[in-house]
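Here is what each chain is made of, one letter per residue.
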Amino acid sequence: MLTRTGSGAALASPASFDVLARTVAGRRLIYLDSAATTLRPRPVVDAVCRYYTTNGANIHRGKHLLSEEASDQYERVRIQTAEFVGARSEEIVFVRNTTEALNMVAAGLDLNADDLVLGSLDAHHSNLLPWRVRSRLRLIPVRPDGGLDLAEFERALAEGPRVVALTACSNVTGVYSPLDGLIRLAKQAGAIVVVDAAQSLPHRREIFRAAGADFVAFSGHKMCGPTGVGVLCGRMSALERLRPVMLGGGTVDWVDTQGHRIRKVPHRFEYGTPDIAAVIGFGAALSYLDELGEREIREHDTVLANALLAECARRDTVRVIGPAPDGDHAGVVSMELPGFARLDEVARALSDSFGVMCRSGHMCAQPLVDGLAGGQVLRMSTYIYNSVTDVEEAFHCLDKVLEAL
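The rules we used
Residues numbered from 1 in each chain as written. Predicted model: local features only at pLDDT ≥ 70, side-chain atom pairs only at ≥ 80, totals over all residues. Heavy atoms only, no water. UniProt positions renumbered as here; feature names shortened; annotations may be inferred. Helix = DSSP H or I, 4+ residues; strand = E, 2+ residues; numbered from the N terminus. Rg over C-alpha atoms; globule rule 2.2 N^0.38 Å. Contact = heavy atoms within 4.5 Å. Areas by Shrake-Rupley, 256 points an atom, 1.4 Å probe, with all protein chains shown as cover. Lys, Arg positive; Asp, Glu negative; His and termini not counted. Charge placed at Lys NZ, Arg CZ, Asp CG, Glu CD. Domains from an automatic or database assignment. Buried area = accessible area lost by both parts, 1.4 Å probe. Buried < 20%, exposed > 50% of the residue type's maximum accessible area, 1.4 Å probe, protein only. Pairing = 2+ DSSP bridges. Axes fitted to C-alpha atoms, helices over the stretch in contact; angles between N-to-C directions. Polar contact = N/O pair within 3.5 Å; in protein donor to acceptor, adjacent residues only side chain to side chain. Salt bridge = Lys/Arg side-chain N within 4 Å of Asp/Glu carboxyl O. Core = buried A, V, L, I, M, F, W, Y, C linked by side-chain atoms within 4.5 Å. Phe/Tyr/Trp six-rings, centres within 6.5 Å; stacked < 30°, edge-to-face > 60°. Lys NZ or Arg CZ within 6 Å of the ring centre and 35° of its normal. Parallel < 35°, antiparallel > 145°, perpendicular 65-115°, else oblique. Left-handed = near helix turned anticlockwise from the far one by under 90°. Nonpolar A, V, L, I, M, F, W, Y, C, P; charged D, E, K, R; others polar.

The name recorded for the chain in an unreviewed UniProt entry is Cysteine desulfurase/selenocysteine lyase, from Actinoplanes digitatis. Checking UniProt for the chain, the heading Cofactor (unreviewed entry) contains the comment "pyridoxal 5'-phosphate".

Below you can see the structure in the form of structure tokens.
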């Protein structure tokens, strides 16, 4: 069930998400932790259940009916994913999540300790640690408003980085990076460009087709899909140069006692039995998002992003980490609460007493959070099933928690 009523209303009907029918402490549940993982609509859950109840076979090399049915369905999702992001189907590699995709690229490029990789301070640990252990990683700082220090970025490009690892949208500040310009500069400098799109692609899907990155990584569970499926989307020329880091079943066409012949892209990167049900469920998620509309999802994200910042601006009890009200930002806001050191207690009280699910901590981006906030933050993040009313109620509940603590 879909809905498109009112600019402040939920874009997707909450009735499609069974979790949202739950109550906590006698109150309706408000889910504001979508930057960590989104909820799944019933069509996604049904697709996963249908695979297990009507098929359940392994894909590809089997010649029996069930295997061929499952293989066809799996490969249809690959085509669907390619159409969703504007790529070719052979440029889509199914992985477990964004972390695996980024590690796959970092390892497969065979970097050495002297290779310079430019990262950014707003990176998730998944787009920082794989580079740091293999290369000379330099982090570009961010401004107090969460935006990348563009002057420093341009100066660093003059040092000839082999790789530029960008973050499309911070999972802490919600600030979108100006990817087109950054990628253009990085390519002019001769760098391989890798983009962590885990936080942006659920709202904006033009990254791969417009910006010209070599590799883009994202996760299904942050866009209404199941856990256990992510995507590495790469230019064919870039994928063909990438060394597969895991070999075994599914990655080779021929093996004898002396050697092996590796499969074509993308199958050479998909080792072992994948999470078939998750991929099929991801296809259902893409269909669901397609029905809502690309433009509508983007606009809804902006409405809720502005609602979050507006609620923060009305209070002197919170300090926003990052975005300026007129900046380009997603429906993600991280806050300091001056005078409240134990933000985990605030998050637990919001959950257990008011049914508001949000997150406290370093958000797997500790260098950024420590740099901008000096410690943990409280984060609220929205998606298609949220409304402005959800945001207003959540902040009203936060007021009550802070009064009580």
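Within the chain, the secondary structure is distributed over 13 helices and 17 strands. Here the chain has a C-alpha radius of gyration of 22 Å; the compact-globule value for 405 residues is 22 Å, and the two agree. Counted over contacts in the chain with a minimum sequence separation of 6, partners at least 24 positions apart contribute 67%. Put simply, the chain shows about 16700 Å² of open surface, and 51% of that area lies on carbon and sulfur atoms. If the 43 positive side-chain charges of the chain are averaged to one point and the 49 negative ones to another, these points end up 3 Å apart.

Attention now goes to the domain arrangement of the chain. Structurally, the chain comprises domain 1 (14–40 + 294–404) and domain 2 (45–291). A separation of 27 Å is found between the C-alpha centroids of domain 1 and domain 2. Counting residues at the interface gives 34 residues for domain 1 and 36 residues for domain 2. Here domain 1 and domain 2 share an interface that buries about 3000 Å² over both sides, 53% of which is from carbon and sulfur atoms.

So, about the pairing of strand β4 (residues 92–95). Every other side chain in a regular strand lies on the same face of the sheet, so the side chains alternate between the two faces. A two-sided burial pattern is seen for β4, the buried positions comprising Ile-92 and Phe-94 on one face and Val-93 and Val-95 on the other. Looking at chain direction, β4 and strand β10 (residues 230–234) are connected through four bridges and run antiparallel. Looking at β10, one finds that Phe-94 is bridged to Val-231.

Next up on the list: the sheet that holds strand β5 (residues 116–120). With mixed pairing, seven strands are arranged side by side in an open sheet as β4-β10-β9-β8-β7-β5-β6. Each edge of the sheet is formed by a strand with only one pairing partner; in this case those strands are β4 and β6 (136–140). Each strand axis lies, on average, 20° off the axis of its neighbour in the sheet, ignoring direction. Taken together, the two bridges between β5 and strand β7 (residues 163–167) define a ladder with parallel strand orientation.

All right, on to the sheet that holds strand β13 (residues 319–320) then. Spatially, β13-β14-β17-β16 is the arrangement adopted by the four strands of the open sheet, whose pairing is antiparallel. If you trace the sheet from one side to the other, it starts and ends with β13 and β16 (359–361), each paired once. Each of β14 (332–336) and β17 (377–381) is contacted by helix α13 (residues 388–404), which is oriented at about 155° to β17, the strand it contacts most.

For the rest of this paragraph, the subject is the side chain of Glu-270. The residue Glu-270 is located in the loop between β12 (260–262) and α9 (276–292) in this model. Among the residues examined, Glu-270 registers a relative accessible area of 9% and is labelled buried. Here Phe-94 takes part through its backbone nitrogen, which lies 2.8 Å from a polar atom of the side chain of Glu-270. If near-sequence neighbours (up to four positions away) are discounted, Glu-270 is found in contact with Tyr-74, Arg-78, Ile-92, Val-93, Phe-94, Gly-249, Gly-250 and Thr-251.

Enumeration over the complete set of coordinates arrives at 27 salt bridges. Two residues, Arg-314 and Glu-311, come together in a salt bridge whose shortest N-O distance is 2.5 Å. Judged by its relative accessible area of 59%, Arg-314 falls in the exposed class. The class for Glu-311 is buried, based on a relative accessible area of 8%.

Next up on the list: the environment of Tyr-288. You can see Tyr-288 is positioned in helix α9. Judged by its relative accessible area of 5%, Tyr-288 is buried. C-alpha of Tyr-288 to C-alpha of Val-193: the two residues are 95 residues apart in sequence and 30 Å apart in space.

With that settled, the discussion passes to the side chain of Thr-382. Relative to the elements of secondary structure, Thr-382 occurs in the loop between β17 and α13. Setting aside residues no more than four positions away along its own chain, Thr-382 makes contact with Leu-32, Ser-34, His-203, Leu-304, Leu-308, Gly-331 and Val-391.

So, on to the environment of Ala-12. Looking at the secondary structure, you find Ala-12 in the segment before β1 (23–24). Each C-alpha atom, one on Ala-12 and one on Lys-187, is 38 Å from the other, the two residues being 175 residues apart in sequence.

So, about the nonpolar core. Grouped together as the largest cluster of nonpolar side chains are 74 residues, with contacts concentrated most on Val-195 and Ile-384. With 12 residues, α9 is the largest single contributor of residues to this core. Of the domains in this structure, domain 1 (14–40 + 294–404) and domain 2 (45–291) are the two that each give at least three residues to this core.

On to the packing of aromatic side chains, then. Aromatic rings in a pair are described by how distant their centres are and how their planes are angled relative to each other. Within the structure shown, the criterion is met by six aromatic pairs. Among the aromatic side chains, those forming a connected cluster through ring pairs are Phe-17, Tyr-31, Tyr-288, Tyr-383 and Tyr-385. Cation over ring: Arg-204 sits above Tyr-176, and NZ or CZ is 3.6 Å from the ring centre. One residue, Arg-205, lies across the ring of Phe-84, its end atom 3.7 Å from the ring centre.

At their nearest, the axes of helix α1 (residues 42–54) and α9 sit 8 Å apart, and the two run at 150° to each other. Judged by the angle between their axes, α1 and α9 are roughly antiparallel. In this structure, the crossing between α1 and α9 has a hand that is right-handed. Residues Pro-43, Val-44, Ala-47, Val-48, Tyr-51 and Tyr-52 of α1 form the contact with α9, whose participating residues are Ile-276, Ala-277, Ile-280, Gly-281, Ala-284, Ala-285 and Tyr-288. Looking at side-chain class alone, the contact of α1 with α9 contains 12 nonpolar, one polar and no charged residues.

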